[in-house]
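Observations on the model geometry
The residues making up each chain are set out below.
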Amino acid sequence: MPHAPAAASTRPSTHTAPTVHLVGAGPGDPELLTLKAVRVLQQASVALVDDLVNEGCLQHLPPSCRVVHVGKRGGCASTPQAFIERLMVAEALRGERVVRLKGGDPLLFGRAGEEIAALRVAGIAVEVVPGITAGVAAAAASAVSLTHRDHARGVAFVTGHTAAGNGVDWAALARSGLTLVVYMGVSTAAAIQQALLDGGLPASTPALLVQSASNPDERRLRTRLGWLAESLAASGLASPCVMIIGEVTEAQMQAEIQTQADAPSWSWSSLQPGLCPASQAA
């Protein structure tokens with residue numbers, strides 16, 4: 001009597017060359033995951049997950065997947081980067097399907113460069129699955145075109161928290177004519193403000209601050225460069241928070257106001273509170 005075929009093993013094969021996937025989880029909203037990210041998550045057997053990854057993203061992992069939380073968040077205690085790299089290498093060499101799940105996009109302030117180098121030294125292949133970065137999500141929250149052709153010739157994504165000896169040339173950025181999207185700048189907002197003013201950027205330059213972009217607790221603040229630090233402190237906004245500095249933020253606001261003025265059947269109350277108090281009072 002023929003024997004029934006053995007059930008296929010769900011454990012990753014140790015005979016295939018190991019590959020680690022660095023996956024961008026996006027800014028928070030699980031619906032902003034890419035289809036490819038979902039597919040890779042569904043095949044994972046070990047997932048190393050950053051602190052800012054929305055728990056809703058983890059629903060795509062198999063029930064058998066081992067989840068390791070490796071917190072990475074500005075101003076908080078973080079898992080040492082060297083430990084994360086050693087763990088990825090060890091698990092991949094054991095034959096696990098390793099996913100490194102990062103908030104935003106892995107290649108933008110996600111330390112992907114360090115992890116790619118460590119994996120390649122160990123002979124492990126790497127595939128990066130891009131995600132929507134927080135700066136783009138913050139702009140989308142207020143329908144701000146970061147590269148509006150009438151107001152900006154480009155955009156610069158820059159960190160407000162730099163390694164020692166690797167400071168940002170804020171004066172050059174002030175002269176660049178670019179929209180500035182500043183990550184991790186809450187704790188250094190006063191210094192950033194002063195450096196941009198010293199570099200020649202007018203105090204009247206509009207700024208938009210967005211906390212927890214795309215999440216249910218998202219908060220937004222409009223201000224100007226000359227009052228950036230003061231407005232931030234008064235608002236109570238905290239990390240994760242992205243600052244968008246440039247004329248594009250006001251251009252969108254003026255477009256909203258003009259649209260409202262041209263359509264009297266619309267209510268001024270549909271604008272964001274505080275956007276144009278003088279017009280609302282008229």
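In the nomenclature of an unreviewed UniProt entry, the chain corresponds to uroporphyrinogen-III C-methyltransferase from the organism mine drainage metagenome.

Now for the pattern of salt bridges. As enumerated under the stated definition, the model contains nine salt bridges in all. Glu250 serves as the salt-bridge partner of Arg224, at 2.2 Å between the closest nitrogen and oxygen. Here the residue Arg224 occupies a position in strand 9 (residues 219-224), and Glu250 occupies one in helix 8 (residues 247-262), the gap between them amounting to 26 residues. A residue is classified by how much of its surface remains accessible, and Arg224, at 27% relative accessible area, is partly exposed. Among the charged side chains, a network of salt bridges with common partners joins Asp50, Arg100, Lys102 and Glu115.

Strand order in the open sheet formed by five strands is 6-7-10-8-9, and the pairing between neighbours is mixed. A single partner strand is all that each edge strand has here, and the edge strands are strand 6 (155-159) and strand 9. Within this sheet the neighbouring strands show an average axis-to-axis angle of 20 degrees, counted without direction. Judged from the six bridges that link them, strand 8 (residues 206-211) and strand 9 form a sheet pairing that is antiparallel. Note that in strand 9 the partner of Gln211 across the bridge is Arg219. Across the sheet, helix 4 (residues 134-141) is in contact with strand 6, strand 7 (179-183), strand 8, strand 9 and strand 10 (241-245); its angle to strand 10 comes to roughly 70 degrees.

Another point: helix 2 (residues 81-93). With 13 residues, helix 2 should reach 18 Å at 1.5 Å per residue; the first-to-last C-alpha distance of 19 Å fits that figure. Looking at helix 2, one finds that the buried residues are Gln81, Ile84, Glu85, Leu87, Met88, Val89, Glu91 and Ala92. On its buried side, helix 2 packs onto strand 1 (19-24), strand 2 (46-49), strand 3 (66-69), strand 4 (98-102) and helix 3 (112-121). Immediately downstream of helix 2, the backbone of Gly95 shows phi near 100 degrees, a positive value.

This part covers the sheet that holds strand 2. By way of backbone hydrogen bonds, the strands of a sheet pair with one another, either parallel or antiparallel. Across the sheet, which stays open at both edges, the five strands sit in the order 3-2-4-1-5 with parallel pairing between neighbours. Here the strands that pair on one side only, and so sit at the sheet edges, are strand 3 and strand 5 (125-129). The mean inter-strand angle of the sheet, taken between neighbouring strand axes irrespective of direction, is 20 degrees. Where strand 1 lies against strand 4, five bridges are found, and the strand directions are parallel. Bridge pairing links His21 to Val99 in strand 4.

Turning our attention to the pairing of strand 4. Among the five residues in strand 4, five count as buried, and that is most of the element. Residues Val98, Arg100 and Lys102 line one face of strand 4 and the alternating positions Val99 and Leu101 line the opposite face, and both faces are buried. With four bridges joining them, strand 2 and strand 4 adopt parallel strand pairing. Considered in strand 4, the bridge of Ala47 is made with Val99.

What counts and how
- Residues numbered from 1 in each chain as written.
- Predicted model: local features only at pLDDT ≥ 70, side-chain atom pairs only at ≥ 80, totals over all residues.
- Heavy atoms only, no water.
- Salt bridge = Lys/Arg side-chain N within 4 Å of Asp/Glu carboxyl O.
- Helix = DSSP H or I, 4+ residues; strand = E, 2+ residues; numbered from the N terminus.
- Buried < 20%, exposed > 50% of the residue type's maximum accessible area, 1.4 Å probe, protein only.
- Pairing = 2+ DSSP bridges.
- Axes fitted to C-alpha atoms, helices over the stretch in contact; angles between N-to-C directions.
- Contact = heavy atoms within 4.5 Å.
- Expected span 1.5 Å × (residues − 1).

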